[in-house]
Every structure is written in structure tokens, then in C-alpha cells.
Amino acid sequence: MYVPRGVSRKDATRLLTDHAEYGHWELDRLSLLRDGSRRVRLRRRIIRQLRATW
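Criteria and cut-off values
Residues numbered from 1 in each chain as written. Predicted model: local features only at pLDDT ≥ 70, side-chain atom pairs only at ≥ 80, totals over all residues. Heavy atoms only, no water. Salt bridge = Lys/Arg side-chain N within 4 Å of Asp/Glu carboxyl O. Helix = DSSP H or I, 4+ residues; strand = E, 2+ residues; numbered from the N terminus. Buried < 20%, exposed > 50% of the residue type's maximum accessible area, 1.4 Å probe, protein only. Polar contact = N/O pair within 3.5 Å; in protein donor to acceptor, adjacent residues only side chain to side chain. Contact = heavy atoms within 4.5 Å.

> Give me the pattern of salt bridges: which residues, what numbers.
Side chains carrying opposite charge are able to pair once their charged atoms draw close together. Under the counting rule described, the total for this entry stands at three salt bridges. For Arg-43, the salt bridge is made with Glu-26, and the minimal N-O distance between the two is 2.9 Å. Of the two residues, Arg-43 is situated in strand S3 (residues 38-44) and Glu-26 in strand S2 (residues 25-32); the sequence distance between them amounts to 17 residues. The partly exposed category is assigned to Arg-43, whose relative accessible area is 44%. Since its relative accessible area comes to 27%, Glu-26 is described here as partly exposed.

Set out below in C-alpha cells:
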């Protein structure tokens, strides 16, 4: 995911929070580029289910 230079830190945080909550993603890596833009790598959150014991 690419976040342009003009996006404020607060708006970028809100954008990433929405992806985390509704898309089940989590932050893997955040890179700040020379021009002030951000490159964000997200990964799918793994949700493990417990086995039901009878």
C-alpha cells in the first residue's frame, strides 16, 4: 500500500486502522521514503481456532 506525501500522519493512521479492523490485516513493515511518502506492507492476520474437546 502506498500513502502519498500530502497525507497527514493522523489520516494515515486512520487508514491503516480501518484496514486492520475490517480487512483482518496487520502491519508488517512501514518505510518512509525520501520524498516524504510512506510505503506500507500489510499481511493477513492469522486467526487460529482451538480444537473442541468432547
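> Could you give me a rundown of the side chain of Ser-37, with the residues and numbers involved?
Relative to the elements of secondary structure, Ser-37 occurs in the loop between S2 and S3. Its relative accessible area of 0% is what places Ser-37 among the buried residues. Only 3.3 Å separates the side chain of Ser-37 from the side chain of Tyr-2, close enough to count as a polar contact. Not counting residues within four places of it along the chain, the set of residues in contact with Ser-37 comprises Tyr-2, Val-3, Pro-4, Arg-5, Ser-31 and Leu-32.

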